[in-house]
Amino acid sequence: MTRILMILTSCDRMGEDGAPTGFFWEEMAVPYWAFRDAGYEVDLASPLGGRPPADPSSDDDPSARPEAVTRFMQDTQAMNDLDDTAAVTKVDASRYDAVFLPGGHGTMWDLRQTPAVAKAIAAVYEQGGVVGAVCHGPAGLIDATLSDGTPLIKGRRVNGFTNSEERAAGLSDVVPYLLEDALRAQGAEFECGVEDFCGFAVRDDRIVTGQNPDSSAAVAEHMLSALRDMDRAAA
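The structure reproduced in this document is the subject of the present report. (Residues numbered from 1 in each chain as written. Predicted model: local features only at pLDDT ≥ 70, side-chain atom pairs only at ≥ 80, totals over all residues. Heavy atoms only, no water.)

## Thoughts on the overall build of the protein chain
Using the following cut-off: For the purposes of this entry, the term helix denotes a DSSP run of H or I that reaches at least four residues, the term strand denotes a run of E that reaches at least two, and both are numbered from the N terminus. Just to be clear, the radius of gyration here is over C-alpha atoms, and the globule rule we use is 2.2 Å times residues to the power 0.38. Areas reported as accessible are Shrake-Rupley estimates using a 1.4 Å probe. Residue values count occlusion only from the protein chains shown. Positive: Lys, Arg. Negative: Asp, Glu. His and the chain ends are not part of the count. Charge positions are represented by NZ for Lys, CZ for Arg, CG for Asp and CD for Glu.
Along the protein chain, the regular secondary structure elements total eight helices and nine strands. At 16 Å, the protein chain has a C-alpha radius of gyration in line with the 18 Å of a compact globule built from 235 residues. Of the roughly 9,800 Å² that the protein chain leaves accessible, carbon and sulfur atoms contribute 46%. Within the protein chain, the 38 negative side-chain charges are centred at a point lying 6 Å from the centre of the 19 positive side-chain charges.

## Considerations on the nonpolar core
The line we're drawing: As used in this record, nonpolar core signifies buried Ala, Val, Leu, Ile, Met, Phe, Trp, Tyr and Cys residues forming a set joined through side-chain atoms within 4.5 Å. Only protein chains enter the accessibility calculation, which uses a 1.4 Å probe; a residue is then buried when its area is under 20% of its type maximum, exposed when over 50%, and partly exposed in between. Pairs of residues are marked as contacts when any of their non-hydrogen atoms sit within 4.5 Å.
One finds M28, Y32, F35, F72, I121 and L152 to be the most contacted residues of the largest nonpolar core, which totals 75 residues. Top contributing element to this core by residue count: helix α1 (residues 25-37), with eight residues. Discounting residues that sit within four places of it in the chain, L152 has contacts with I121, Y125, V131, A144, T145, L146 and I207.

## Considerations on the packing of aromatic side chains
Stated formally: Pairing of aromatic side chains here covers Phe, Tyr and the six-membered ring of Trp, requires ring centres within 6.5 Å, and sorts the geometry by plane angle: under 30 degrees stacked, over 60 edge-to-face, intermediate tilted. Counting as a charge over the ring demands two things of the Lys NZ or Arg CZ atom: a distance within 6 Å of the ring centre and an angle within 35 degrees of the ring normal.
In total, this model carries seven aromatic pairs according to the counting rule given. A ring pair is formed by Y32 and W33, whose centres lie 4.9 Å apart and whose planes are at 90 degrees; its orientation type is edge-to-face. Among the aromatic side chains, those forming a connected cluster through ring pairs are F23, W25, Y32, W33 and F72. Over the ring of W33 we find R71; its NZ or CZ atom is 3.8 Å from the centre of that ring. One cation-aromatic arrangement involves R206 over Y125; the distance from NZ or CZ to the ring centre is 4.0 Å.

## Describing the environment of H136
Here is the rule: Polar contacts, as counted here, are pairs of nitrogen or oxygen atoms within 3.5 Å of one another; within protein the pair requires one atom able to donate a hydrogen and one able to accept it, and residues that are adjacent in sequence qualify only if both atoms are side-chain atoms.
In this structure, H136 sits in the loop between β5 (130-134) and β6 (157-158). On the basis of relative accessible area, H136 is assigned to the buried category, the value being 1%. Along the chain, H136 and Y177 lie 41 residues apart, while their C-alpha atoms are 11 Å from each other. For H136, the residues in contact, after removing those within four places along its chain, are G103, G104, H105, T107, M108, F161, E166 and L179. A polar contact is formed between the side chain of H136 and the side chain of H105, at a distance of 3.3 Å.

## Remarks on the state of the cysteines
Threshold: Any pair of cysteine sulfurs within 2.5 Å is marked as a disulfide.
Within the structure shown, the criterion is met by zero disulfides. No disulfide involves C135; its sulfur sits 13 Å from that of C192, the nearest cysteine. Taking relative accessible area as the criterion, C135 reaches 4% and is therefore assigned buried.

## Details of helix α2 (residues 67-74)
Put simply, the rule is: The arc in question is traced by the directions running from the helix axis to the C-beta atoms.
Taken as a whole, α2 has its buried residues at A68, V69 and F72. Projected down its long axis, α2 shows its buried positions confined to an angular sector of 100 degrees, all on one face. Structural note: α2 exposes E67 and Q74 on the side pointing more than 90 degrees away from its buried face. Looking at the buried positions of α2, the neighbouring elements they touch are α1, β2 (41-46) and α3 (76-83).

Don't take any of this as a statement about function, it's just geometry.
This is the structure:
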């Protein structure tokens, strides 16, 4: 059975005394159900384990809640799994065919800063798996390094939440670094959509990245396509 590891942020504050944050519901739930509905198993993990915090701004209007989020919240097993995510340090990456990192501003304070995240991502990729991330989730890719010392994203087409979007959100002076700048600094070929906050996703072989919440479905579809390509190559 193909298994996908989903790593969520454990950070609930923007800085020590900042506004509440966490993972972004849409960016988690839309890919979660895309993977599950395609027949894949999905395991949830986080830097600290246990229940990861959800960014309250990602569900501040229940009347506008995406269908995938409602479905997740109403699914007992899914919510039980969310309540008890595995600590990344205890995850056996060899069990997974893909790893996916949803966004939410919380990721900026702990995905890159948790060495076990980068280690798991690199391990999945080097064993032939697919790596995906959306919005601020690519923060976890920045320090992922292959066994020969090469940054995972060096020379690869990627994207994520842009500098322009961060400024528009009023958080460019709050986040510990600008995601776009950090990805470029690792040698990535950063691509983005024409307009801020419009869906945009990039697939470079087995690495898939998306720019913002509206990109979640496209990232999931690209990852599923990459997984199907793997299956065909192995047949």
